[in-house]
Amino acid sequence: MQASTKTVDGYGFCRRIDTVDSSAMKKVYCSCGCILDLDRSYFNRRLDLGKELECVHCRNTRISREIDELNAHFNGEDVCEDNTFY
């Protein structure tokens, strides 16, 4: 896809976001069932790294859980398998 040659608000050569080539995007399911619309290069990079594809909600939940686990580890708290502290 080529960039537009029209000038938009004096910036010139801007590409409108709604003209993204659909062949560059890939639709996949998150583990929670949410449909993700991802760039193919991002999709392939995540798979090459062996990482899961996650929606924003699942990603934020995972990051929050990891932060809690790190805080517990560095505060000297023991964490059980089910993420309860004892």
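The structure we're discussing is the one just above.
Analysis parameters
Residues numbered from 1 in each chain as written. Predicted model: local features only at pLDDT ≥ 70, side-chain atom pairs only at ≥ 80, totals over all residues. Heavy atoms only, no water. Helix = DSSP H or I, 4+ residues; strand = E, 2+ residues; numbered from the N terminus. Buried < 20%, exposed > 50% of the residue type's maximum accessible area, 1.4 Å probe, protein only. Contact = heavy atoms within 4.5 Å. Areas by Shrake-Rupley, 256 points an atom, 1.4 Å probe, with all protein chains shown as cover. Pairing = 2+ DSSP bridges. Expected span 1.5 Å × (residues − 1). Polar contact = N/O pair within 3.5 Å; in protein donor to acceptor, adjacent residues only side chain to side chain.

Trainee: Is there a simple way to explain the overall build of the protein in this structure?
Mentor: Scanning the protein from N- to C-terminus turns up 2 helices and 2 strands. Listing every helix and strand of the protein by position from the N terminus yields β-β-α-α. Within the span of the protein, comprising 86 residues, buried residues form 13% of the whole. Sequence separation of 24 or more characterises 9% of the internal contacts of the protein that already satisfy a separation of 6 or more. Accessible surface, the protein as shown: approximately 7,400 Å² in total, 52% of it carbon and sulfur.

Trainee: It is not clear to me how the pairing of strand β2 (residues 35-39) should be interpreted in this structure. Could you clarify?
Mentor: Of the two faces of β2, the one holding L36 and L38 is buried and the one holding I35, D37 and D39 is not buried anywhere. Sheet topology note: the strand β1 (residues 25-29)/β2 ladder contains 5 bridges and is antiparallel. Pairing of V28 across the sheet is with L36, part of β2. Connecting β1 to the next strand, β2, in antiparallel fashion are 5 residues, including G33 with a positive phi near 105°.

Trainee: Explanation requested: helix α2 (residues 56-74) in the structure shown.
Mentor: Residues three or four positions apart in an α-helix share a direction because the helix packs 3.6 residues into each turn. Here α2 spans 27 Å end to end across 19 residues, near enough to the 27 Å set by a 1.5 Å rise per residue. Once α2 ends, the next one or two residues include G76, with phi positive near 80°.

Trainee: Honestly, the environment of V28 in this entry has me stumped. Any pointers?
Mentor: With respect to the helices, strands and loops of the structure, V28 is situated in strand β1. In this structure the C-alpha to C-alpha distance between V28 and E54, which are 26 residues apart in sequence, comes to 9.5 Å. The residues contacting V28, other than those within four sequence positions of it, are C34, I35, L36, L38, F43 and L53.

Trainee: Got a minute to help me understand the side chain of R46 in this structure?
Mentor: With respect to the helices and strands, the residue R46 is situated in helix α1 (residues 40-48). The exposure class assigned to R46 is buried, which follows from its relative accessible area of 16%. Polar side-chain contacts of R46 include one of 2.7 Å to the backbone oxygen of E52. Other than its neighbours up to four places away in sequence, R46 contacts K51, E52, L53 and E54.

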